[in-house]
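Chain by chain, the residues run as shown.
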Amino acid sequence: MTSSYLYASARTAFGRFGGGLAGVRPDDLAAAALTGVLSKTPALDPQLVGDVFWGCANQAGEDNRDVGRMAVLLAGLPVSVPATTVNRLCGSSLDAAIQASRAIEVGDADIVVAGGVESMTRAPWVLPKPSRAFPAGDVTAVSTTLGWRLVNDRMPAEWTVSLGECNEQLVDRFALSRRRQDEFAARSHQLAAQAWADGFYDDLVVAVPGTTLARDESIRDGSTPDTLAGLKPAFRPDGTITAGNASPLNDGAAALLLGTADAGARIGADPVARIAGRGVHALDPREFGFAPVEAAERALARAGIGWADVGAVELNEAFAAQSLACVDAWKIDPGIVNSKGGAIAVGHPLGASGARILGTLAARLHESGDRWGVAAICIGVGQALAVVLENVAGARS
């Protein structure tokens, strides 16, 4: 089989819930990211894109009916460019990239776009459809923004607790202090703000037509462990998880351009990274935050390397608690993890986050010159994905 390579990455700035992107439909956000990544390679004839794999978690409103195909059409690509929508919840766009890389490696396509989108602001309320017309009782509208909804009665109740409660259970299991979580969260904000100030994100972030949002909206430059310590627990009266040490609700989209090594001549660019290993893992739904540990180990094994070889890690920060649990289990230097900030600061629009961390990882490897990097993401209901990248572009001059 041939190898698959990452050629370009682009994403929108990530907006706060109800913030700067609240007025933008998710299919338009997706089209902006898709257009943005293709603008990085102007020599590429869009008709040569063999497929588009697009992630989205909610898909209950304007993101319904194969939002990937809608993005292709709204972006003005040729109608001959196909697209599919992938749903592995928070891992949707990393799964999209994995599926795109497989399509390339088995010879189904030479050039593929992968990515994802989420508008958590615009996620609708839904009503269950009654089994008979005009029921006499009340019907409850259910929010589709985040978490379980319309739960099957056969599902064990202990599996359907909130994501926050799941992480409070991880806190108990691994004795993760509130102070450590707040320190991790403050670091995320500080590093994200510094990365923006240094211009790291200038080449990665593209504008959304009709908006003025130019920077990730959830970053709080002045965050410190002491300021975060003043926030109240969100899930248990005596808990440690707060709005400050968990990722916020966000809107945004991200996209990646992948291809074979030989596709560079048609793309008009050299590849920046090789997809060297992939891993997936599942466990008890309550332990979803810890699932990246084994997913990353599997990806590393398939790449034929170990943690000692890795110079950069992008771990999606759903919660500081689960991030710390994973970093502790890997026994790696915390300094190589999310050195440009993570989801606690940058944001976590569910379907877009996997593509964001993979694009950020490639840019970090290019900046530092490190050869190997790992992107990993936890997924609600007890899953995780990981990808190993090999830097093939070297360091920036």
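Structural notes, computed from the coordinates.

1. Remarks on the packing of helix H3 (residues 92-105) against helix H11 (residues 353-368)
Angle between the axes and distance between the axes: these two values describe a pair of packed helices. Viewed as axis vectors pointing N to C, H3 and H11 meet at an angle of 65°, and their least axial separation amounts to 5 Å. Residues Ser93, Leu94 and Ala97 of H3 pack against Ser353, Gly354, Ala355 and Leu358 of H11. The residue makeup of the contact of H3 with H11, split by class, is four nonpolar, three polar and no charged.

2. A closer look at empty space enclosed by the protein
Going through the model one piece at a time under the given rule, you end up with three cavities of 30 Å³ or more. Put simply, the largest cavity is a space of about 60 Å³. If you go around the largest cavity, the residues you meet are Ser9, Ala10, Arg11, Tyr201, Leu204, Ala254, Ala255, Leu256, Ala355, Arg356, Gly359 and Thr360. Elements with a contribution of two residues or more to the lining of the largest cavity: strand E1 (5-12), strand E9 (250-259) and H11. When residues in the lining of the largest cavity are grouped by element, the largest group, four residues, is from H11. Residues belonging to the lining of the largest cavity are distributed by class as follows: seven nonpolar, three polar and two charged.

3. A word on the pairing of strand E5 (residues 111-119)
In terms of burial, E5 is a largely internal element, nine of the nine residues being buried. Residue alternation in E5 divides its side chains into two sets, Ile111, Val113, Gly115, Val117 and Ser119 and Val112, Ala114, Gly116 and Glu118, and both sets are buried. Bridge analysis of strand E3 (residues 51-55) against E5 gives five bridges, and the strand direction is parallel. Following the sheet pairing, Trp54 is matched in E5 by Gly115. In this sheet, E9 lies alongside E5 in antiparallel orientation, the contact comprising nine bridges. Across the sheet, residue Ser119 finds its bridge partner in E9, namely Asp251.

4. Concerning H3
For H3, which comprises 14 residues, the first-to-last C-alpha distance of 20 Å matches the rise-based estimate of 20 Å (1.5 Å per residue) to within 8%. With twelve of 14 residues buried, H3 lies mostly within the body of the structure. Among the residues of H3, Ser92, Ser93, Leu94, Asp95, Ala96, Ala97, Ile98, Ala100, Ser101, Ala103, Ile104 and Glu105 are the ones counted as buried. Once H3 finishes, Gly107 follows within two positions and takes phi at roughly 90°, a positive value.

5. Let's talk about the nonpolar core
Within the largest apolar cluster, 50 residues are counted, with the highest numbers of intra-cluster contacts made by Val37, Val52, Trp54, Val113, Val117, Tyr201 and Leu257. Looking at this core element by element, the count peaks at seven residues for helix H1 (residues 26-39). Excluding anything up to four places from it in sequence, Val117 contacts Pro26, Leu29, Ala30, Trp54, Gly55, Cys56, Val67, Gly252, Ala253, Gly351 and Ala352. With 45 residues, the next largest nonpolar core counts Ala186, Val293, Ile332 and Ala386 among its residues.

6. Comments concerning a nonpolar patch on the surface
Residues Met70, Leu73, Leu74 and Val79 make up a contiguous nonpolar surface patch of about 360 Å² in total accessible area. Here Leu74 is to be found in helix H2 (residues 67-74).

7. Structural notes on the environment of Ala229
Locating Ala229 in the fold gives a position in helix H6 (residues 225-229). In the structure, Ala229 is positioned 109 residues away from Asn338 in sequence and 22 Å away in space, judged by C-alpha atoms.

8. Points about the packing of aromatic side chains
Enumeration according to the criterion identifies four aromatic pairs in this entry. Both rings, one in Phe174 and one in Phe290, keep their centres 4.9 Å apart while their planes meet at 35°; by these two values the pair is tilted. With Phe174 in helix H4 (residues 163-174) and Phe290 in the loop between strand E10 (273-282) and helix H8 (292-303), this residue pair connects regions lying 116 residues apart in the sequence. Here Phe290 falls in the buried class, since its relative accessible area comes to 14%.

About the cut-offs
Residues numbered from 1 in each chain as written. Predicted model: local features only at pLDDT ≥ 70, side-chain atom pairs only at ≥ 80, totals over all residues. Heavy atoms only, no water. Axes fitted to C-alpha atoms, helices over the stretch in contact; angles between N-to-C directions. Helix = DSSP H or I, 4+ residues; strand = E, 2+ residues; numbered from the N terminus. Contact = heavy atoms within 4.5 Å. Nonpolar A, V, L, I, M, F, W, Y, C, P; charged D, E, K, R; others polar. 1 Å grid on protein atoms, 1.4 Å probe; cavity = no way out; pocket = protein on both sides within 12 Å on 5 of 7 lines; lining within 4 Å. Points joined across faces, edges and corners; volume = space filled by probe spheres on them. Buried < 20%, exposed > 50% of the residue type's maximum accessible area, 1.4 Å probe, protein only. Pairing = 2+ DSSP bridges. Expected span 1.5 Å × (residues − 1). Core = buried A, V, L, I, M, F, W, Y, C linked by side-chain atoms within 4.5 Å. Patch = residues over 30% accessible without salt bridge, like charges linked within 9 Å, V, L, I, M, F, W, Y side chains within 5 Å. Areas by Shrake-Rupley, 256 points an atom, 1.4 Å probe, with all protein chains shown as cover. Salt bridge = Lys/Arg side-chain N within 4 Å of Asp/Glu carboxyl O. Phe/Tyr/Trp six-rings, centres within 6.5 Å; stacked < 30°, edge-to-face > 60°.

As far as function goes, none of this settles anything; it's purely spatial.
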